[in-house]
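Coordinate analysis (summary)
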Amino acid sequence: MTRARVLAPGATLGVLGGGQLGRMFVHAAQRLGYRCMVVDPEADSPAGSVAEQHLRLRYTDARALDALAAGAHAVTTEFENVPAEVLRRLAERLPVAPGAAAVAVCQDRGLEKATFARCGVPCAPHAAIENAAAFDALSEGLLPGILKTAQLGYDGKGQRRVERVDELAAAWRELGGVRCVLERRLDLACEISVVLARGADGELVSFAPFRNLHRDGILAVTQWPAPGIDAAAAARADAAARAIATALDYVGVLCVEFFVLRDGSLCANEMAPRPHNSAHCTIDGADASQFDYQVRALAGLPLPAPRMHSPAVMLNLLGDLWRGDRAPRWERVLELPGVHLHLYGKTQARPGRKMGHLSVTASTLDAADAVARQAAAALGIAPW
Ligand SMILES: Nc1ncnc2c1ncn2[C@@H]1O[C@H](COP(=O)(O)OP(=O)(O)O)[C@@H](O)[C@H]1O
Ligand SMILES: [Mg+2]
């Protein structure tokens, strides 16, 4: 395989979506001397407000696509639900990574699970729910389960827990009667994620797995390297994520989430075709972050393996920590050693909204965890 055409620093990189992932991509791109063009309708979008150019348009707007084709040299996405069709149309005019086909898979739980199966990667027992008739054919073995919309779910949204068969119809109606997947609810020992970067030439590098604690369906705490995961399990997760990226001929940064079951076995849960919240601690804990790799993969630059220089613990800072418009008193965490505070510039704090994150680095994970617990106590985040 040959290396893709290299976009030299100075080129303009387009980003579909203007959230915090786009903002951290822009920061990484600008450090390397690239210029950024962000497409997001919101005036104060986190990425739009730091990019050289902010197109205040929807990414489905033909004018946005024309402006990208005219002004950018390559395009990536920071938002998982950019319609694959938009990426396909853009790719006729300039390089787009990740590609439409791979993104379409990551947008659909059914296609994701089919990809896991094709790669020999286990996932939770499940059944597709296309219509109400599907309930009659279900095996009891899928209950208690979780009914999830096949598309557009995130942060635990688009899901209903179901204990008994007779609850299914109501749960499905509550989810809008759309195409769903019913999954058996598994007894999880913990959750981990693998984040990797793959270039157009097939070069592939990955970070050691992250261990993730969710609360109310939203990531709350990440520990890196994942405690309680032995080298063999980490290697299995890594190999599975690599196989999936290769099967999809994926270009860019990909996250694969896994469940670790009580017996130590792994089940793939879902994928994100972009940098992932669980790998934010690579900004402060590694010599290249997931966003650095997103820039490199898009620009066709080399992808040397990352080196973790500091174990890290990441805490998400949700809008719940704000009192009205009043932000937490940051000096209470900034006085702690190894604390890296990242705020996304969002002006409206709402419960569950990701306003920022905080990574604590130290020479050992235990030391980072101890400081992270102090930070959590100072901010009013529940201990883990
Ligand atoms: N089959 C399952 N068994 C047990 N817990 C699950 C299952 N599916 C999801 N969960 C829990 O719900 C969380 C969110 O589900 P996920 O499918 O990752 O959706 P989202 O798109 O909201 O991240 C998971 O991280 C996990 O904690
Ligand atoms: Mg998830």
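A brief report on the enclosed structure follows. Please read these numbers as outputs of a predicted model, since none were measured by experiment. (Residues numbered from 1 in each chain as written. Chains lettered and ligands numbered in written order. Predicted model: local features only at pLDDT ≥ 70, side-chain atom pairs only at ≥ 80, totals over all residues. Heavy atoms only, no water.)

Points about the site of ligand 1
Surveying the vicinity of ligand 1 reveals 19 residues, the closest of which are Lys148, Gly156, Glu191, Asn269 and Glu270. Within the backbone of Leu186, a nitrogen or oxygen atom sits 2.9 Å from a nitrogen atom of ligand 1. Glu270 places a side-chain nitrogen or oxygen 2.8 Å from an oxygen atom of ligand 1. Contact with the protein chains removes 90% of the 540 Å² of surface that ligand 1 exposes when unbound. Listing elements by their share of the shell around ligand 1, those giving two or more residues are strand S6 (145-149), strand S8 (180-184), strand S9 (188-198), strand S13 (252-261) and strand S14 (266-272). Of the residues belonging to the shell around ligand 1, the class tally is five nonpolar, five polar and nine charged. If you count residues domain by domain, the shell around ligand 1 takes at least three from each of domain 2 (125-184) and domain 3 (188-379). (Near = heavy atom within 4 Å. Polar contact = N/O pair within 3.5 Å; in protein donor to acceptor, adjacent residues only side chain to side chain. Areas by Shrake-Rupley, 256 points an atom, 1.4 Å probe, with all protein chains shown as cover. Helix = DSSP H or I, 4+ residues; strand = E, 2+ residues; numbered from the N terminus. Nonpolar A, V, L, I, M, F, W, Y, C, P; charged D, E, K, R; others polar. Domains from an automatic or database assignment.)

Topic: the coordination of the magnesium ion (ligand 2)
Within the first shell, the magnesium ion (ligand 2) binds the protein through Glu257 (OE), Glu257 (OE) and Glu270 (OE), at distances of 1.9 to 2.7 Å. You can see Glu257 sitting in strand S13 and its partner Glu270 sitting in strand S14, a full 13 residues away along the chain. You can call Glu257 buried: its relative accessible area is 11%. (Donors = N, O, S within 2.8 Å, 3.2 Å for Na, K, Ca; no water. Buried < 20%, exposed > 50% of the residue type's maximum accessible area, 1.4 Å probe, protein only.)

With respect to the environment of Gly177
By secondary structure assignment, the location of Gly177 is in the loop between helix H6 (168-174) and S8. Once the C-alpha coordinates of Gly177 and Thr149 are considered, the two residues, 28 residues apart in sequence, prove to be 9.0 Å apart.

Topic: the side chain of Lys148
Along the chain, the position of Lys148 falls in strand S6. There is a polar contact of 3.1 Å between the side chain of Lys148 and the side chain of Glu183. Apart from the residues lying within four places of it in its own chain, the contact partners of Lys148 are Arg109, Gly158, Gln159, Cys180, Val181, Glu183 and Asn269. (Contact = heavy atoms within 4.5 Å.)

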